[in-house]
Amino acid sequence: MTDPLDQRSGDSPPAQEPGPPEDAAAPDPAQRFTDRPSSRYGPRRAHARQPKRKRRRLRRALLVLLAVVVVAAGGAYGWAETRLRRDVDLGAYGDRPPPGEGTNYLIVGSDSRDGLSEGDVRDLRAGGGGGRRTDSMMLLHTGAHGTSMVSLPRDSWVTVPGRLDTLTGKTKRPEGDKLNAAFAYGGPELLVHTVEKNTGLRIDHYAEIGFAGFVNIVDVIGGVRMCLNRDIKDKKSGADLRKGCQTLDGRQALAFVRQRHQEREGDLGRSKNQQKFLSTLAHQAARPGTLFDPTEIGPALRAGLDTLIVDKDMSLSDLATMFRAVQGVAGGKGKQINVPVSGIGVPTSKGNVLKWDAKRSARLFADLRHDRPVTETGETSRERERGGARPPG
């Protein structure tokens, strides 16, 4: 008698389903991949994975392209390093404030006509007057608490330190005068000495650009986009601009930053315009199309270096750091401030001037010297009284 269990566990092989004919062609791997069920991200496709060889070629092409850009940029920067005009001796007058915390740059726009033809001088309204002058001065501070850009109006009433008068050969005693008079009397060195004496800040670096360099930079980057809240027409600077958003070329931009007769606050209003324009210029000049295009790096550097004057210790790296700081202010990573003013159009023996608010300006400069967070807004007394809008940042 046979045990049923033995029947269930017999050695007979299980029945097999018939397989494909032996002569059938093997399915294509790509077709098998296509026939797999779709995932929740969509149908699977044969080209979903790139062959390793193709990816390697793409990586090599990108590396070659990057190397070309780096070499071109490196060559341009190396050339620019040799072109910097390091003419300014910051310690020429001695008796300097002790080094503070953070870094202080003095950025100056001068009326230098280097690089301008007689026709350019007429077109840009850059003629008239003797001596060397400056229309814009900005103090840029970088430190642990960010960046602060402080406009120093050219008509600020300050004490110009004692100096040797090169015309008479006599020593002049300290005297009250406009800030830009220091530049006219003794160039960058006396201007730096005057700023240091009146602020208590040690200037670490100096950068000055003339008319031609300013115009060329604006033109090379394709103009600067500005939005004006009113029409501006000024015969002396040549400004003839309409209300609204527009792209200013080099000539229009120079006229805009120089005009002050259409500003209610005169030189103070001009300083605000200059601060806004400089930030916008730095922001637009730093766009990838300029910084990483070898065909534009050279012209942009050449345009800027033509009339750029810096201090003896300024390196191209320092200049780039200053540029990035200005750009950061334009992007909201810093403060734009006017030196606090207590009086506008105050009559003196040297003409009408701006007088700094003694207490507030002293507090501002102390904060910068010790690299503390800046709380000053730069509003005039009138703006504070009526709750006027604060500068951005």
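Computed from a predicted model, the values in this text were never measured in an experiment.

S.K.: Even after reading the chapter, I still don't get the environment of Leu 179, so can you show me in this structure?
M.R.: Mapping Leu 179 onto the fold places it in helix H5 (residues 179-199). Classification of Leu 179 as buried rests on a relative accessible area of 1%. Between the C-alpha atom of Leu 179 and that of Pro 153, which follows or precedes it by 26 residues, the distance is 7.7 Å. Among all residues touching Leu 179, those that are not within four sequence positions of it are Met 137, Leu 152, Pro 153, Arg 154, Ser 156, Val 158, Leu 191, Thr 194 and Val 195.

S.K.: Please clarify how the state of the cysteines should be interpreted in this entry.
M.R.: Two cysteines form a disulfide when their sulfur atoms are joined by a covalent bond. Within the structure shown, the criterion is met by 1 disulfide. Residue Cys 227 pairs covalently with Cys 245 via a disulfide, S to S 2.0 Å. Between Cys 227 and Cys 245, the S-S dihedral sits near 105 degrees, and the bridge is therefore right-handed. One end of the pair, Cys 227, is in strand E10 (residues 224-228); the other, Cys 245, is in strand E13 (residues 244-248), and 18 residues separate them in sequence. Accessibility expressed as a relative area gives 47% for Cys 245, which makes it partly exposed.

S.K.: Hey, could you run me through the environment of Lys 350 in this one?
M.R.: Checked against the element boundaries, Lys 350 lands in the loop between strand E16 (341-348) and strand E17 (351-356). Distance in space between the C-alpha atoms of Lys 350 and Trp 157 is 9.3 Å, their sequence separation being 193 residues. In this structure the side chain of Lys 350 is engaged in a polar contact, spanning 3.1 Å, whose partner is the side chain of Asp 177.

Definitions and cut-offs
Residues numbered from 1 in each chain as written. Predicted model: local features only at pLDDT ≥ 70, side-chain atom pairs only at ≥ 80, totals over all residues. Heavy atoms only, no water. Helix = DSSP H or I, 4+ residues; strand = E, 2+ residues; numbered from the N terminus. Buried < 20%, exposed > 50% of the residue type's maximum accessible area, 1.4 Å probe, protein only. Contact = heavy atoms within 4.5 Å. Disulfide = S-S within 2.5 Å. Polar contact = N/O pair within 3.5 Å; in protein donor to acceptor, adjacent residues only side chain to side chain.

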